[in-house]
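Here is how the chains run, residue by residue.
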Amino acid sequence: MTRRSKNSGDLFIEESGQLRLVDKSAEQQAIEGGKIECLGMTFDSVDERRAYFTARLREKLADPEFRKTPGFPKGTDEDIIRISDPPWYTACPNPFVADFVRFYGAPYDPSIPDNNEPFTADISEGKNDPIYNAHSYHTKVPHKAIMRYILHYTQPGDIVFDGFCGTGMTGVAAQLCGDSAVVSSLGYRVEADGKILQPQLEDGKTGWKFVSKLGARRVVLNDLSPAATFIAYNYNAPANVHAFEAQAKRILNEAGKDLGWMYETQHTESNARGRINYTVWSDVFTCAECAGEVVFWDAAVDQVGKKILDEFKCPHCSILLTKRNMERAWVTKFDAGIGEVTRQVKQMPVMINYSIGKSRFEKRPDKFDLAMIERIEATEISDWFPAERMMEGGETRRNDPIGMTHTHHFFTRRNLAVMARLIHRIKQEATTPLLQMAVLDCFSVLTRMSRFRAPAWFDKSTGPMKGWTAGTLYVPSLQGEQNVFNSLAEKIEMIRRASRSSLFGQCITTGHSGLIAMQSNSADYIFLDPPFGANLNYSELNFLWESWLRVVTNNLPEAIENKDQGKTLNDYRNLMTDCFQEAFRILKPGRWMTVEFSNTQASVWNAIQTSLQEAGFVVANVSALDKKQGSFKAVTTTTAVKQDLVISAYRPNGGLEERFAKVGGSEDSAWDFVRTHLKRLPVVKVRHGALEFVAERDPRIIFDRLVAWFVRHNVAIPMSAKEFQAKLEQRFVGRDGMVFLPD
C-alpha cells in the first residue's frame, strides 16, 4: 500500500462520440494499471483496499462511545461489517467521512465569488428512466431533476451533501453531471471544452448562456435507514455487469433445481407440467346470518360485469353482504419460525396464471395444486429467514388484528422458502452486494401485500399484478403471489440496463442527519428531501427489508410526526432544526441549500420554515417540482399535493455576519441585511413563457426574513413594520409590488 496525491479526473471521448469527464472507477484503474487508488492510498486490489478499511471500521465499532452516536443503527458488529464497503459505505456512521471530504474537497475560500441567484425554474421530470426504475423506494426524486440544481450551484469536483438520501439519487445525479449525453438530454448544450450552456430567450430569439462545466461532483450521502443507504451504495458503486449477470444466473439456476418444483402446476388439457407465474389468493369470510364461509373472489368478483361488487349475496343463504358486515374466517397452526401456535385469517388460492413454453394459461386451482400447497406447508425451511416481531408502530402493527404479527408472516410459505434459499446462496458465495439488493428489492411484489388488480385483469389493459401500496403496509383481500424466480430475473435485467461501469464510490454514511462527521464550512451545496410531518413513517416501512439485512433503523432521532413514537409536530420541528443546524454548520458561507417539500398542511409548512430560520438559513425562492407520476396518496387523495415545492435557501456569507457582529442590532445592520438579501433574490421568474411575480421581493416577505434574522441573533428589531415599509420605499426601487436594488 502506498500513498498518492489527488486525481482530478480525465476528460475523454467515448466510442459513441460523447464527451465525458469522470474520475476513473476502481475497476477501470485495475484494468489499466493493476492498482487501486482510495483516499490518497494505493492498493494492489479491491480486496486489499476493502480489508484495510474493514479492519479500521472493526476497530471503531469496538469503541463503546462510537455506538452511542445518535441514530446508530441496531445490529451486531459482524452484520454491520457484512453489508458495508468501507470507506465508501458503512451501515453505521461512517468514520471516514472527514477523510473523504479532506481528500476531495477544497477549503472554504471567501475570495471565490458566490452564486448569487437561486435556481428559479419550475422542473418537470418523469420517472420513466432505467436508473430511476431499477430499484423501488417509498419516495424518490428523479436524478435528472437533481442534476439541474447541481449544475446550477456547483462546479466539477465540488462537495455535495444529502442528509436524507433515500436511494442515493443525488449521488447518481452528481456523477452524471460528467456525462455529456445525459446533460444534453436535459436541454443543455455541451461544448467541446466541457462548458455547459442553457437556452435563454432574448428579444424573441434563443441564445445560449453559460451555466456550468462538465464533470462529476463528489457527494456525501446520509440516511437514518440502513435499507436506504444499502440501496444508495449499490446505486452509486461501480458495477461489473458481466460478473453480476453470471453470478445471478448461476444462483437462480441452482436455487431453481432445489425449489423450482414449488411453482409447478398441471395443465388442464393434459398431464403436461406448467410453471406458475402468479397465484391469486382471496380472503375468506363468514356470513353473519348463516355462518357459512364466503370466498371473497367467488362472491364479489363479477367476471361477467367486469367489476368488484360492494354488495353481494351469500352463496349459502342469499342475504346481501358487504365486507364490513362479515366476520373473518380463521385458521390455527403451529408456526415453526417462532415456535408457537398462531391464529391467522383464512385465505385460499382462487386462480393460477401459468406458462407452458411461450403460451400462458389460467385455471382454478385443482387437486394437484392444493396438494402442492399442502406439501409446501409441510416442508421445513432449512435456510435462515427473519422471524422478528414487527416493531411498534401504526403501520408495522396494523396487521396484528389479522394475525400477521411477525416479519415472515408477510410472505407465503413458498416465496419465503425460495427467498431464504437465494439469500443463503448469495451470502455463501460472497457475491456482489448488488445481487442481495436485487432480491430484497423484489419484496415490493413478493409479499402478501402485493395487489391483484381485478379491473386490469378484466380489460387486459395492463398487467394485473402490482406491488404493495406505497406508504403503507396494507394487506388487500385479493393478493397476488408472484413467482420469485421470474421476479428476480426481471429485476436483474432492469439493474443490468441501469448499471454504469463509469460510476465511482461516493461516501455513504448511516445515521442521524443532525450529526455528520464533516468539517465545518466544507460542503459546496446541499440537497435535502426530508420527511414531512406524518406523511410517511420510513422506519416502519423499511422494517421488512432491514430485518433481512439484520441491521435496523434506530428511530429515536427520526424526524417525523408519529403518535406511536410519541412525537408531536413540535418534536418534528425540533428534530428538523437539529438537521438544518448541522447543514448550516457544514455548508460554506454564501452557498445554497435546496429543500424539497411535499405536504399540504400549513402547520408542517410553517414548521419547516421556522426550522430553516432558526438554523440561520434565509429563504430566497420557492418553485415547483413535478415528478409527473404521483404516489398513491398524491393520485387518490384530494388533499394531496400534485407538485412538490422546492425551497432555495442560502447561508449568509461571512462578510454580513462579521459586519453584524461589529455593528450589532442597529438600523444600519437591518439595511445591510436587506441589501445583501436582495442580491440573492431572482430578478425575473418566467413560467410558461410569461413573467411571474417574484414573491420573495414582496416588502412583507422581506420584512419577515429580516425579523427571522434578528430573532436568530437574539437581537431586538430596530424598527416597526410600518417604519420598515416607509424607509424601504426611500432606499430601494419599487416596481409592480416588488423591491429591487437601485443599481
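Residues numbered from 1 in each chain as written. Predicted model: local features only at pLDDT ≥ 70, side-chain atom pairs only at ≥ 80, totals over all residues. Heavy atoms only, no water.

Q: How should the packing of helix 25 (residues 667-680) against helix 27 (residues 721-731) be read in this particular structure?
A: Relative placement of two packed helices is described by the angle separating their axes and the distance separating the axes. One can describe the packing of helix 25 onto helix 27 by two numbers: an axis separation of 12 Å at closest approach and a directional angle of 60°. It follows from the interaxial angle that helix 25 and helix 27 lie oblique. As helix 25 runs across helix 27, the sense of the crossing is right-handed. Taking contact as the criterion, the partners of E667, W671, V674 and R675 in helix 25 are, on helix 27, F724, K727, L728 and R731. (Axes fitted to C-alpha atoms, helices over the stretch in contact; angles between N-to-C directions. Helix = DSSP H or I, 4+ residues; strand = E, 2+ residues; numbered from the N terminus. Parallel < 35°, antiparallel > 145°, perpendicular 65-115°, else oblique. Left-handed = near helix turned anticlockwise from the far one by under 90°. Contact = heavy atoms within 4.5 Å.)

Q: Sorry if this is basic, but what is going on with the environment of V622 here?
A: Along the polypeptide, V622 turns up in strand 30 (residues 618-626). Along the chain, V622 and P118 lie 504 residues apart, while their C-alpha atoms are 9.5 Å from each other. In contact with V622, other than residues within four places in its own chain, are W605, L645, V646 and K685.

Q: Whenever I open this one, the packing of aromatic side chains confuses me. Can you help?
A: We describe a pair of aromatic rings using the distance from one ring centre to the other and the angle between the two ring planes. With the rule as written, the count across this model stands at 35 aromatic pairs. Taking the centre distance of 4.9 Å and the plane angle of 85° together, the rings of Y52 and F53 count as edge-to-face. Exposure remark for Y52: the relative accessible area of 27% places this residue in the partly exposed category. For the pair F411 and F443, a centre-to-centre distance of 5.1 Å together with 65° between the ring planes defines the contact as edge-to-face. Separated by 32 residues along the polypeptide, F411 in the loop between helix 13 (367-378) and helix 14 (413-428) and F443 in helix 16 (residues 443-446) bring together distant segments of the chain. A residue is classified by how much of its surface remains accessible, and F411, at 4% relative accessible area, is buried. Residue classification places F443 among the buried positions, given a relative accessible area of 0%. Within the aromatic cluster, the residues linked to one another by ring pairs are Y278, W297, F452, W457 and F458. One cation-aromatic arrangement involves R343 over W330; the distance from NZ or CZ to the ring centre is 4.0 Å. (Phe/Tyr/Trp six-rings, centres within 6.5 Å; stacked < 30°, edge-to-face > 60°. Buried < 20%, exposed > 50% of the residue type's maximum accessible area, 1.4 Å probe, protein only. Lys NZ or Arg CZ within 6 Å of the ring centre and 35° of its normal.)

Q: Could you clarify how one ought to interpret the nonpolar core in this entry?
A: One recurring pattern in soluble globular proteins is that nonpolar side chains are buried together. Among the nonpolar cores identified, the biggest contains 180 residues, and M518 and W548 are the most heavily contacted of them. Once residues within four sequence positions are removed from consideration, W548 is found in contact with W384, F385, P386, F411, L416, M419, A420, I423, K427, Q436, L440 and F443. Within the second largest apolar cluster, 25 residues are counted, among which are F296, F312, A454 and L478. (Core = buried A, V, L, I, M, F, W, Y, C linked by side-chain atoms within 4.5 Å.)

Q: Can you walk me through a nonpolar patch on the surface in this structure?
A: Taken together, the side chains of V683, V684, V686 and L691 present a nonpolar region at the surface, about 380 Å² in accessible area. Along the polypeptide, V686 turns up in strand 32 (residues 685-687). (Patch = residues over 30% accessible without salt bridge, like charges linked within 9 Å, V, L, I, M, F, W, Y side chains within 5 Å. Areas by Shrake-Rupley, 256 points an atom, 1.4 Å probe, with all protein chains shown as cover. Salt bridge = Lys/Arg side-chain N within 4 Å of Asp/Glu carboxyl O.)

Q: Even after reading the chapter, I still don't get empty space enclosed by the protein, so can you show me in this structure?
A: To find leftover empty space, one rolls a probe the size of a water molecule over the atoms. By the definition in use, this model includes seven cavities of 30 Å³ or more. Of the voids in this model, the largest cavity is the one considered here, and its volume is about 380 Å³. For the lining of the largest cavity, the secondary structure elements donating two or more residues are helix 8 (169-176), strand 11 (218-223) and helix 19 (538-541). Considered class by class, the residues forming the lining of the largest cavity number 14 nonpolar, 13 polar and five charged. (1 Å grid on protein atoms, 1.4 Å probe; cavity = no way out; pocket = protein on both sides within 12 Å on 5 of 7 lines; lining within 4 Å. Points joined across faces, edges and corners; volume = space filled by probe spheres on them. Nonpolar A, V, L, I, M, F, W, Y, C, P; charged D, E, K, R; others polar.)

Q: Got a minute to help me understand the pattern of salt bridges in this structure?
A: Pairing between side chains of opposite charge can happen when the charged atoms of each approach one another. Following the criterion strictly, the structure yields 37 salt bridges and no others. Here D44 makes a salt bridge to K35, at a shortest N to O gap of 2.5 Å. Here D44 falls in the partly exposed class, since its relative accessible area comes to 47%. Note on K35: relative accessible area 37%, which makes it partly exposed.

Q: When you look at helix 13 in this model, what are you seeing that I'm missing?
A: It helps to recall that an α-helix has 3.6 residues per turn; residues three or four apart then point in one direction. Between the first and last C-alpha of helix 13 there are 17 Å, a value that for twelve residues agrees with the 16 Å anticipated at 1.5 Å per step. Residues of helix 13 that are buried: F368, D369, M372, I373 and I376. Down the axis, helix 13 shows its buried residues gathered within 135° of arc, on one side only. Projecting away from the buried face of helix 13 at angles above 90 degrees are the exposed residues K367, E374 and A378. Here the buried face of helix 13 lies against strand 12 (264-266), strand 13 (273-286), strand 22 (347-356), strand 23 (359-363) and helix 14. (Expected span 1.5 Å × (residues − 1). Arc of directions from axis to C-beta.)

Q: Help me understand the packing of helix 15 (residues 433-441) against helix 18 (residues 484-498) in this model?
A: At a closest axis distance of 9 Å, the pairing of helix 15 and helix 18 adopts a crossing angle of 125°. In terms of axis orientation, helix 15 runs oblique to helix 18. Relative to helix 18, the crossing made by helix 15 is right-handed. For the pair helix 15 and helix 18, the contacting residues are L434, L435, M437, A438, V439 and D441 in the first and L488, K491, I492 and I495 in the second. Of the residues in the contact of helix 15 with helix 18, the class split is eight nonpolar, no polar and two charged.

Q: Is there a simple way to explain the pairing of strand 9 (residues 195-202) in this structure?
A: Regular strands place their side chains on alternate faces of the sheet. As paired strands, strand 8 (residues 189-190) and strand 9 are joined by two bridges and run antiparallel to one another. Residue R189 lies in a different strand from strand 9, and its bridge partner there is L197. In this structure, the hairpin formed by strand 8 and strand 9 is closed by a connection of four residues, where G194 is found at a positive phi of approximately 90°. (Pairing = 2+ DSSP bridges.)

Q: Looking at this model, I keep getting lost on the pairing of strand 13. Mind explaining?
A: Of all 14 residues making up strand 13, twelve are buried, and the element is well covered by its neighbours. Bridge count for strand 12 against strand 13 is three bridges, and the pairing is antiparallel. Bridging from a neighbouring strand, Q266 pairs with R273 of strand 13. Linking strand 12 back to strand 13 in an antiparallel pair, the connection comprises six residues. Pairing of strand 13 with strand 22 involves eight bridges; the strand directions are antiparallel. Its bridge partner lying in strand 22, W281 is registered against P349. Looking at chain direction, strand 13 and strand 26 (residues 478-482) are connected through five bridges and run antiparallel. Considered in strand 26, the bridge of Y278 is made with Q482. Two strands pair when backbone bridges link them, and strand 13 and strand 14 (residues 293-295) are joined in this way by three bridges, in the antiparallel orientation. Considered in strand 14, the bridge of F285 is made with V294. Where strand 13 hands over to strand 14, the hairpin turn is made up of six residues, of which A291 adopts a positive phi near 70°. As paired strands, strand 13 and strand 19 (residues 327-328) are joined by two bridges and run antiparallel to one another.

These values are about where atoms sit, not about what they do.
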